[in-house]
Amino acid sequence: MRPLPSDLLRTFVVVAQTGSFTAAADHVSLSQSTVSQHIRRLEDVVGQPLFERDTRNVRLSPHGETLQRYAEKILALMDEAMASLCGPPLNGTVRVGLPEDFASTRLTTALASFAQRNPEVELVIGTGLSGDLFRELDEGRYDLVFAKRLSGSRRGTIVRTEPLHWCGSPTSPLTHGESVLPLAVHPEPSVTRRRMFEALKAAGRPYRLAIVSSNIMVIQAAVMAGLGISAFAGYVIPDGLVRLDLGLPELGSLDYVIDRQPSVSQAALALEMVLTDAAGEL
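For every chain, the first residue of the written sequence is number 1, and numbering continues from 1 along that sequence. Per-residue local features are limited, in this predicted model, to residues with pLDDT of at least 70; the limit for side-chain atom pairs, both in listing and counting, is 80 or more; totals at the level of whole chains, interfaces and linings are taken over all residues. Hydrogens and water molecules were not included; the side-chain quantities draw on all heavy atoms of the structure.

Focus on the layout of surface pockets
How we decide: Here a cavity is any set of points on a 1 Å grid over the protein atoms alone where a 1.4 Å probe fits but cannot get out, and a pocket is any open set with protein on both sides within 12 Å along at least 5 of 7 lines; a residue lines the site when it has an atom within 4 Å of a point. Grid points are joined across faces, edges and corners, and a volume is the space filled by probe spheres set on the points. For this classification, Asp, Glu, Lys and Arg are treated as charged, while Ala, Val, Leu, Ile, Met, Phe, Trp, Tyr, Cys and Pro are nonpolar and the rest, including Gly, are polar.
When its volume is computed, the second largest pocket comes out at roughly 160 Å³. In terms of lining residues, the second largest pocket is bounded by 13 residues, among which L164, H165, W166, D245 and E250 are the most central. A class-by-class count of the residues in the lining of the second largest pocket yields eight nonpolar, three polar and two charged.

Quick word on helix α1 (residues 6-18)
Spacing of three or four residues puts side chains on the same side of an α-helix, whose turn is 3.6 residues. The criterion, for reference: Think of it this way: any DSSP run of H or I at least four residues long counts as a helix, any run of E at least two long counts as a strand, and we number them from the N terminus. Each residue after the first adds 1.5 Å to the expected span of a helix.
Under the 1.5 Å per step criterion, the end-to-end length of α1 is 18 Å for 13 residues, consistent within 8% with the ideal 18 Å. Note on α1: the residue one or two positions beyond its end, G19, has a positive phi of about 70 degrees.

Quick notes on the pattern of salt bridges
Pairing between side chains of opposite charge can happen when the charged atoms of each approach one another. Our working rule: Within this document, salt bridges are pairs made up of a side-chain nitrogen of Lys or Arg and a carboxyl oxygen of Asp or Glu, the two lying within 4 Å of each other. Exposed residues in this analysis have more than 50% of their type's maximum accessible area, buried residues have under 20%, and partly exposed residues fall in between, with area computed by a 1.4 Å probe over protein chains only.
Using the criterion set out here, one finds 11 salt bridges in the structure. A salt bridge links D143 to R95, with the nearest nitrogen and oxygen atoms 3.0 Å apart. Of this pair, D143 sits in the loop between α7 (130-138) and β5 (144-149) while R95 is found in strand β3 (residues 92-98), placing the two residues 48 residues apart along the sequence. With a relative accessible area of 28%, R95 lands in the partly exposed category. Measuring nitrogen to oxygen at the nearest pair gives 3.9 Å for the salt bridge that ties R149 to D255. Placement of R149 in strand β5 and of D255 in strand β11 (residues 253-260) is noted, with a sequence separation of 106 residues between them.

Comments concerning unusual backbone geometry
The omega torsion of the bond from E188 to P189 falls at 10 degrees, within 30 degrees of zero and hence cis. The topology assignment puts P189 in the loop between β7 (181-185) and α8 (191-203).

As for the nonpolar core
The cut-off we apply is this: As used in this record, nonpolar core signifies buried Ala, Val, Leu, Ile, Met, Phe, Trp, Tyr and Cys residues forming a set joined through side-chain atoms within 4.5 Å. Should any heavy atoms of two residues lie within 4.5 Å, those residues are counted as being in contact.
With 40 residues, the main nonpolar core has L144, F146, W166, L183, M196, L271 and L275 as its most contacted residues. The biggest single contributor to this core is helix α10 (residues 266-280), with eight residues. Ignoring sequence-local partners within four residues, the contact set of L144 consists of V94, R95, V96, G97, L137, I258, D259, R260, A268, L271, E272 and L275.

Looking at the pairing of β11
Note the cut-off: Note on pairing: DSSP must find at least two bridges between two strands before they are called paired.
Here β5 runs beside β11; their pairing, made up of six bridges, is antiparallel. Directly across from K148, in β11, lies its bridge partner Y256.

In structure tokens, the structure reads:
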């Protein structure tokens, strides 16, 4: 079995993330021909095609998708090892923004572990709606943000894709045949709210706003009480709620991304790697 050269893996990951040999060449400061050569050498090593190419697009093959998951973890571990052995102790303040639904999952454990390993780093954690988090990042209030990305947006780096599901309580109004769907939603600029509205309008399904709240716990409680239905990412469906598959339009999937300031501290970069790894394993 031949080893996987780290330089080839780094080039491969950048091509996979950007979807472009040209953009990858700019990112890693290599010529496009060198990037192409790296990919051909890596394909020779693994004995499988890693990309499906046509005249306009570069897409990962099934083998490429598998390798990307492993390559990102391998490179993150290598960087972490080098930082631990050679880098200075991390310190300073890192301001991170998270959506409320994911702030209560494994990401919290990852943040706690990072804080324990780096006692000289002060973590300032904020939560909110994804649209607000991105705006506040642009205003300089955060160093990095983990949030949901709107369809068509290209900001940030995708770290997880989650299917979005209609959810209700076992006594949901939908199960009683109510024709106008009562919804429990966040206010604008909620990504999930927008996806729900777009799907219902496209399907010609009437709805009304029953509950509007910026607090995720209020939304969950309202749905649990049967006051309305809502949508949740697959991993964070609250206990006690059920998926509703009674003729409702598909909501598709949401991309979760990490975006950050153009220039951040080593502590922020280290935290970004921790969050990326944790999100991929949720």
